[in-house]
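Overview (structure and organization)
One letter stands for each residue in the lines below.
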Amino acid sequence: MESAIALTRFYHPLLTGSYSHHLRSLSLFNSTPIFPKLSSVKYPFATISPARFIVTASSSPLSPSTTVAESQGLEIKSVPTKPIEGQKTGTSGLRKKVKVFMQENYLANWIQALFNSLPPEDFKNGLLVLGGDGRYFNKEASQIIIKIAAGNGVGKILVGKDGIMSTPAVSAVIRKREANGGFIMSASHNPGGPDYDWGIKISEIKIADIPDVDLSQLGVTKYGNFSVEVVDPVADYLELMENVFDFSLIRSLISRPDFRFTFDAMHAVTGAYAKPIFVDKLGASLESIANGEPLEDFGHGHPDPNLTYAKDLVNILYGENGPDFGAASDGDGDRNMILGRRFFVTPSDSVAIIAANAQDAIPYFQSGPKGLARSMPTSGSLDRVAQKLNLPFYEVPTGWKFFSNLMDAGKLSICGEESFGTGSDHIREKDGIWAVLAWLSILANRNKDKRSGEKLVSVADVVTEHWATYGRNFFSRYDYEECESEGANKMIEYLRDLISKSKAGDKFGSLVGSYVLDFADDFTYTDPVDESVASKQGVRVVFSDGSRIIFRLSGTGSAGATVRIYIEQFELDVSKHDMDAQIALKPLIDLALSVSKLKDFTGREKPTVIT
């Protein structure tokens, strides 16, 4: 498996979403250097790239270099380097195998390129935040990033103890401390370890370069005019959560003897947050936290909270006398999975239910949400909530930056995507712990008047009541991971050609029970804030009864291509709401596999993951 360096959302309290989009789309290195005449610095693991890289004296050996200046009381050195082919930034940053990032010059080249791409006023003497999910190589990468930041003139870096800080917490710290920006070292929900994924996400950018810092001790270390402060990664985030939610209300539920709760941190970053929040603040028992110690290789697990990779949690909730509520989060803490006793809540339903109950159950939304939004492949459950509550609604491409733009403009409060990401404008980011607290708030609000011994309103009760009000959107996603890119791309091109020849009224499937086409397209989105256009975002086949089949290629992994097929069917009849989704959707699933010729193009018989 791998460790990738992934670029995260570019956070800046003062910048608009359009600038954010620009940075996220930069191909910092391809085959051509951006600054071919300039030089930079070389490190044991990586080298800084085009343009002169500035670095301070370091406890780790540097390659031959030339002292070029004194800056911030530090010795600045310049070491020649050259661009590295293939360092092309994607939606979530640059993500590669760990061993790729550990190659000489690789990480440093890319980090220096980020500074080269920004106006100096965005980071000179500024404050940056640095944190990661604790996966393999994060500690070494932290030292490289800190040194490069110092060398480029950053004034101070706040770094989580041991280099750990969840993606949502980095966003919270940036906002509270009014930092210029920050780096998140994570490959999100992908596996960790020497053979797996590593990533660095960018949220706001200002970088420096100094000797190794002891990340195990809280406090400030100064180097000339540059300083590094090792901070508690939980404190600022916890303070924010206490302002968003009614912790006393949640505690009244968790502390009940007739309510049992379990949270699986999957040996990832939220293990650092679970005890302080759920145990110390909300009164859960320590035994309710599973896999709570962050490990570099995530305990040899795959920290992706879904029915396949969080199977241990699923077995507990579906087992004999399972807990009332279960939840899990992913590698960097921004995704979530919600379960009740013998009941799975789809991410599409989860965001819709949070939105429908937010005003009553969550103090932050006491005046009501400003607007709602979902990614295009996510089911239409949220659409129906927006319609009933008379709220603005947006359907955007996959990618959190589209939500962020709407939030920056004050148009959006709650949003989600079917890939287990749910969030709000409290930090502009998807947030796994936030989603868990939102669900606990809903359950606590529904049960606040229940006396001891009375039957509690369960997760299943909340969901089925929601379906009775809004109807049920049966939904499933089939993932075919690490397909050969050539075959996967040919399949998408085939589908684009197919829909270009299709028209409303065409029939798909067998003569009996065939589906009548409403429209088919390759989704295009025009941002209502900056009018930017995103095209070719997924092939949609929409039928007259509202059923949908969507085909996309995902770029969140670091090898091959992941083919995703999304299948959805709306059902208003309450008597059919208890059907298993795979049974209800089987005709559509069969049609999707037939129409796409997936087996022919990819050679794949079965999906890697079904959600």
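Up top is the structure these notes are about.
Residues numbered from 1 in each chain as written. Predicted model: local features only at pLDDT ≥ 70, side-chain atom pairs only at ≥ 80, totals over all residues. Heavy atoms only, no water.

For the rest of this paragraph, the subject is the sheet that holds strand E11 (residues 289-290). Taken together, the five strands give an open sheet; going across it, the order is E11-E10-E12-E13-E14, and neighbouring strands pair in mixed fashion. In this open sheet, the two strands that pair with only one neighbour each are E11 and strand E14 (343-345). Alignment of strand E10 (residues 261-264) against strand E12 (residues 325-329), held across four bridges, turns out to be parallel. Across the sheet, Phe263 pairs through a bridge with Ala327, a residue of E12. Contacts from helix H13 (residues 432-447) reach E10, E12, strand E13 (336-340) and E14, with the element oriented near 165 degrees to E12. (Pairing = 2+ DSSP bridges. Helix = DSSP H or I, 4+ residues; strand = E, 2+ residues; numbered from the N terminus. Contact = heavy atoms within 4.5 Å. Axes fitted to C-alpha atoms, helices over the stretch in contact; angles between N-to-C directions.)

What follows is about helix H8 (residues 271-281). When H8 is considered as a whole, its buried residues turn out to be Gly271, Tyr273, Ala274, Ile277, Phe278 and Val279. Each buried residue of H8 sits inside an arc of 170 degrees when the element is viewed along its axis, so together they form one side. Looking at the packing, one finds that the buried side of H8 touches helix H5 (167-177), helix H6 (235-244), E10, E11 and H13. Of the residues trailing H8, Gly283 is marked for its positive phi of about 85 degrees. (Buried < 20%, exposed > 50% of the residue type's maximum accessible area, 1.4 Å probe, protein only. Arc of directions from axis to C-beta.)

Where H13 meets helix H14 (residues 459-470), the axes come as close as 10 Å, and the angle between the chain directions of the two elements is 90 degrees. Between H13 and H14, the angle falls in the class roughly perpendicular. Where H13 approaches H14, its residues Trp439, Ile442, Leu443 and Arg446 are matched on the opposing element by Val459, Val462, Val463 and Glu465. (Parallel < 35°, antiparallel > 145°, perpendicular 65-115°, else oblique.)

Attention now moves to the nonpolar core. Counting 76 residues, the largest nonpolar core has Phe245, Phe263, Phe278, Phe325, Leu437, Trp439 and Leu440 as its most contacted members. Here the element with the most residues in this core is H13; it accounts for eleven residues. If near-sequence neighbours (up to four positions away) are discounted, Phe278 is found in contact with Phe261, Phe263, Tyr273, Gly283, Ala284, Ile289, Ile433, Val436, Leu437 and Leu440. In this structure, Phe115, Leu118, Ile148 and Val213 belong to the second largest nonpolar core, which totals 31 residues. (Core = buried A, V, L, I, M, F, W, Y, C linked by side-chain atoms within 4.5 Å.)

For strand E26 (residues 561-571), the buried fraction is high: ten of the eleven residues fall into the buried class. Sheet analysis places strand E19 (residues 472-483) next to E26, joined by ten bridges and oriented antiparallel. Counterpart to Asn473 in the pairing with E26 is Phe570. In the sheet, strand E25 (residues 548-554) pairs with E26 via seven bridges, with the strands oriented antiparallel. Bridged to Leu553 within E26 is Val563.

Note on placement: Gly471 falls in the loop between H14 and E19. The class for Gly471 is buried, based on a relative accessible area of 5%. Considering only alpha carbons, one finds Gly471 and Val574, 103 residues apart in sequence, at a separation of 7.4 Å. Contact partners of Gly471, with chain neighbours within four places excluded, come to His466, Phe570, Glu571, Leu572 and His577.

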